[in-house]
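# Structural overview for review
Here is how the chains run, residue by residue.
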Amino acid sequence: QVQLVESGGGSVQPGGSLRLSCAASGNIHRIYIMGWYRQAPGKQRELVAAISNGGVTNYADSVKGRFTISRDSAKNTVYLQMNSLKPEDAAVYYCNAQEWGAPDSWGQGTMVTVSS
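Report on the accompanying structure. Within each chain, residue numbers correspond to sequence positions counted from 1 in written order. Totals for whole chains, interfaces and linings use all residues, but because this is a predicted model, local features are given only for residues with pLDDT of at least 70 and pairs of side-chain atoms are given and counted only at 80 or more. Water and hydrogen atoms were dropped before computing side-chain values, which therefore reflect all heavy atoms in the structure.

### As for the packing of aromatic side chains
As a reminder of what qualifies: Planes of paired rings set the category: under 30 degrees apart is stacked, over 60 is edge-to-face and the rest tilted, where pairs are Phe, Tyr or Trp rings (Trp by its six-membered ring) whose centres lie within 6.5 Å. Helix and strand assignments come from DSSP, with helices taken as H or I runs of at least 4 residues and strands as E runs of at least 2, each series counted from the N terminus. In this scheme, a residue with accessible area under 20% of its type's maximum is buried, one over 50% is exposed, and one in between is partly exposed, where area comes from a 1.4 Å probe on protein chains only. Placement of a charge over a ring requires the Lys NZ or Arg CZ to be within 6 Å of the ring centre, with the centre-to-atom vector within 35 degrees of the ring normal.
Applying the stated criterion across every chain, the model contains 2 aromatic pairs. Judged by centre distance (5.0 Å) and plane angle (65°), the ring pair of Tyr37 and Trp106 falls under edge-to-face. With Tyr37 in strand β4 (residues 31–39) and Trp106 in strand β10 (residues 102–106), this residue pair connects regions lying 69 residues apart in the sequence. Judged by relative accessible area, which is 18%, Tyr37 ranks as buried. For Trp106, a relative accessible area of 36% gives the class partly exposed. Lying over the aromatic face of Trp106, Arg45 brings its terminal NZ or CZ to 4.6 Å of the ring centre.

Here is the structure:
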């Protein structure tokens, strides 16, 4: 089992920035991709960004050029730097870990609010 703990959410004005962190613990050797998903009220959960063990990244079209996912393997932590935030980015953001031979693990979620 992998445990994921997110931090860094909050409230910002449009155009502002936030950095989310996700610390992994437990059977981290099983992880091959980590990512961030988000879910806004009344909408389905969607992929925001993901990064593989090899450093390959993938982004939703809506965040390309504004968000950056990165990882610090020494700290078992994945980050999501969010710049130029828009009201439509407001959601609960969830950290996800895809693991070999086990179901995905999810964090508890962290709220991001973007409003003036």
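Anyway, onward from the coordinates.
### Describing unusual backbone geometry
Of all residues except glycine, most have a negative phi; of all peptide bonds, most are trans. The backbone phi angle of Asn76 is positive, close to 50°, even though this residue is not glycine. On the secondary structure map, Asn76 appears in the loop between β7 (67–72) and β8 (77–82). A relative accessible area of 28% places Asn76 in the partly exposed class. Even without glycine at this site, Ser84 takes up a positive phi of about 50°. A relative accessible area of 40% places Ser84 in the partly exposed class.

### Considering the pattern of salt bridges
Where charged atoms of side chains with opposite charge meet at close range, the side chains can pair. Selection rule: The rule for a salt bridge is simple: a side-chain nitrogen of Lys or Arg has to be within 4 Å of a carboxyl oxygen of Asp or Glu.
Inspection of the entire model under this criterion finds 4 salt bridges. Put simply, Arg38 and Glu46 hold a salt bridge, and the shortest N to O gap is 2.7 Å. The salt bridge involving Asp89 is made with Arg66; its shortest N-O contact spans 2.7 Å. Remark: Arg66 occurs in the loop between β6 (57–59) and β7 and Asp89 occurs in the loop between β8 and β9 (91–99); sequence separation between them is 23 residues. Residue class for Arg66 comes out buried when judged on its relative accessible area of 11%. Several salt bridges share partner residues, and in doing so they unite Arg38, Glu46, Arg66 and Asp89 into one network.

### Observations concerning the nonpolar core
To keep it simple, the criterion reads: Here, the term nonpolar core denotes a set of buried Ala, Val, Leu, Ile, Met, Phe, Trp, Tyr and Cys residues that are joined through side-chain atoms within 4.5 Å. The contact definition used throughout considers only heavy atoms, calling two residues in contact when any of these lie within 4.5 Å.
Grouped together as the largest cluster of nonpolar side chains are 29 residues, with contacts concentrated most on Met34, Trp36, Leu80, Met82 and Tyr93. Secondary-structure elements contributing two or more residues to this core are β1 (2–7), β3 (18–26), β4, β5 (46–52), β7, β8, β9 and β11 (110–114). Residues in contact with Leu80, not counting those within four places in the same chain, are Leu18, Arg19, Leu20, Trp36, Val48, Ala49, Phe67, Thr68, Ile69 and Tyr93.

### Notes on the sheet that holds β7
What links the strands of a sheet is backbone hydrogen bonding, and the strands pair in either a parallel or an antiparallel sense. Definition in use: A pair of strands counts as paired when DSSP detects no fewer than two bridges linking them. Orientation is described by lines fitted to C-alpha atoms, with helices fitted over the stretch in contact, and by angles between N-to-C directions that extend from 0 to 180 degrees.
Across the sheet, which stays open at both edges, the 4 strands sit in the order β1-β3-β8-β7 with antiparallel pairing between neighbours. What marks the edges here is a single partner per strand, and that holds for β1 and β7. Adjacent strand axes in the sheet meet at a mean angle of 15°, parallel and antiparallel pairs treated alike. Direction of pairing for β3 relative to β8: antiparallel, over a ladder of 6 bridges. Note on β8: the bridge partner recorded for Leu20 is Leu80.

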